[in-house]
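# Summary of the model geometry
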Amino acid sequence: MTYVLQTHRLSKTFKGKESVSEVSMRVKKGKSTVSLDLTERARPRL
Amino acid sequence: MKMLTNLIKPTSGEIELFGEKLTPTSYSMLGRMGSIIEYPIFYDKLTARANLELHCEYMGYYNKKAIDEALDLVQLRGIDGKPVKDFSLGMKQRLGIARAIATKPELLILDEPINGLDPVGIREIRQLLRILSQEYGISILISSHLLAEIEQLADTIGVINHGRLIQEVSLEQVRVTNAEYIEFHTNDCVKAAYVLSHHLNISNIRVIGNRTIRIYDLSTPLPQVNKVLILNDVAVESIHQKNSSLEEYFLGLLNGGGQSA
């Protein structure tokens, strides 16, 4: 098994707005993968 | 991230974990992963150790040694008898990671693990994640908005723009395609320029002062340049490749440089 995680055209719509749109990505076994969302602001932490 | 951990259902599409399709009842698959989604929540009045013991109980994982190992890894051993309410934000984040790794997961999913931490806390988490990946072989998926941190953590980066994956690329590949020039220092720039021109056919160079040369023609890899200079008796004091910043690269993608993956 090369990939421990794979998504295939994954989408999510909240209240009519698509927040994830057909995302296909993979996480290779033993590797670090970063999903970098440059269009959203980081969540504040309490 | 919540879809990957079965907390919410996708509207469409599929998730495959460890080679099998994720379904609402994939409990055994979920037991093979550890996660922190948003921020870690604990029973504040219980001790750190008691929180980990409870978690292992929930997960059906009975190995007290694993709790000690997890506490050791996040450097909370010795203060694990304190109630979590007395912990700083960084300590809670480390305890969250200890909880996520206590059951020896194969995959770790972390939602913005360094967000809100001070520089010392960021460095500690970064080092810890590197150890988990490189020494323990744990696969890690991190979500982040912080470009500067990516370079320290990622082997592969998936760039998301308005919910759409616009590029999936290895950091190594970004570094190679992002190279600007090779710069080296020597005490004989005239001889170095001659060697570059006559032995490597490199003429696109710039001499800066008496001791520095920049090569803008990157068709010859750095090790080869270094080798040829030394074989021709040019004393190379230091040599490195300059890359443009990751920020420039990724902002370039957002400004139209990337296609949907």
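This report concerns the structure included in the present document. As the structure is a computational prediction, the values presented were derived from the model and not from experiment.

Time to look at the overall build of chain B. Helix and strand counts for chain B come out as 10 helices and 11 strands. The C-alpha atoms of chain B give a radius of gyration of 24 Å, which is well past the 18 Å a tight globule of 261 residues would have. Residues classed as buried in chain B amount to 44% of the 261 residues present. Counting contacts in chain B only where the partners sit at least 6 residues apart, residues at least 24 apart contribute 65% of the total.

Each aromatic ring pair is characterised by the separation of its centres together with the angle its planes make. According to the stated counting rule, one finds 1 aromatic pair over all chains in the structure shown. B:Arg32 extends its terminal NZ or CZ atom over the ring of B:Phe18, reaching a point 4.1 Å from the ring centre.

So, on to the sheet that holds strand β11 (residues 236–243) of chain B. Within a beta sheet, neighbouring strands are joined by backbone hydrogen bonds and run either parallel or antiparallel to one another. Residues and elements named next belong to chain B. Across the sheet, which stays open at both edges, the 4 strands sit in the order β9-β10-β8-β11 with antiparallel pairing between neighbours. Since the sheet does not close on itself, it has two edges, and those belong to β9 (205–208) and β11, each with one partner. Across this sheet, the average inter-strand angle for adjacent strands is 20°, counted without regard to direction. Across 4 bridges, strand β8 (residues 179–186) lies against strand β10 (residues 212–215) in antiparallel orientation. Residue pairing in the sheet places His185 in a bridge with Thr212 of β10. Relative to the sheet, helix α8 (residues 189–200) contacts β8, β9 and β10, its axis offset from that of β10 by approximately 20°. Along the sheet, helix α9 (residues 222–231) contacts β8, β10 and β11; its crossing angle with β11, the most-contacted strand, is approximately 160°.

So, how was this worked out
Residues numbered from 1 in each chain as written. Chains lettered and ligands numbered in written order. Predicted model: local features only at pLDDT ≥ 70, side-chain atom pairs only at ≥ 80, totals over all residues. Heavy atoms only, no water. Helix = DSSP H or I, 4+ residues; strand = E, 2+ residues; numbered from the N terminus. Rg over C-alpha atoms; globule rule 2.2 N^0.38 Å. Buried < 20%, exposed > 50% of the residue type's maximum accessible area, 1.4 Å probe, protein only. Contact = heavy atoms within 4.5 Å. Phe/Tyr/Trp six-rings, centres within 6.5 Å; stacked < 30°, edge-to-face > 60°. Lys NZ or Arg CZ within 6 Å of the ring centre and 35° of its normal. Pairing = 2+ DSSP bridges. Axes fitted to C-alpha atoms, helices over the stretch in contact; angles between N-to-C directions.

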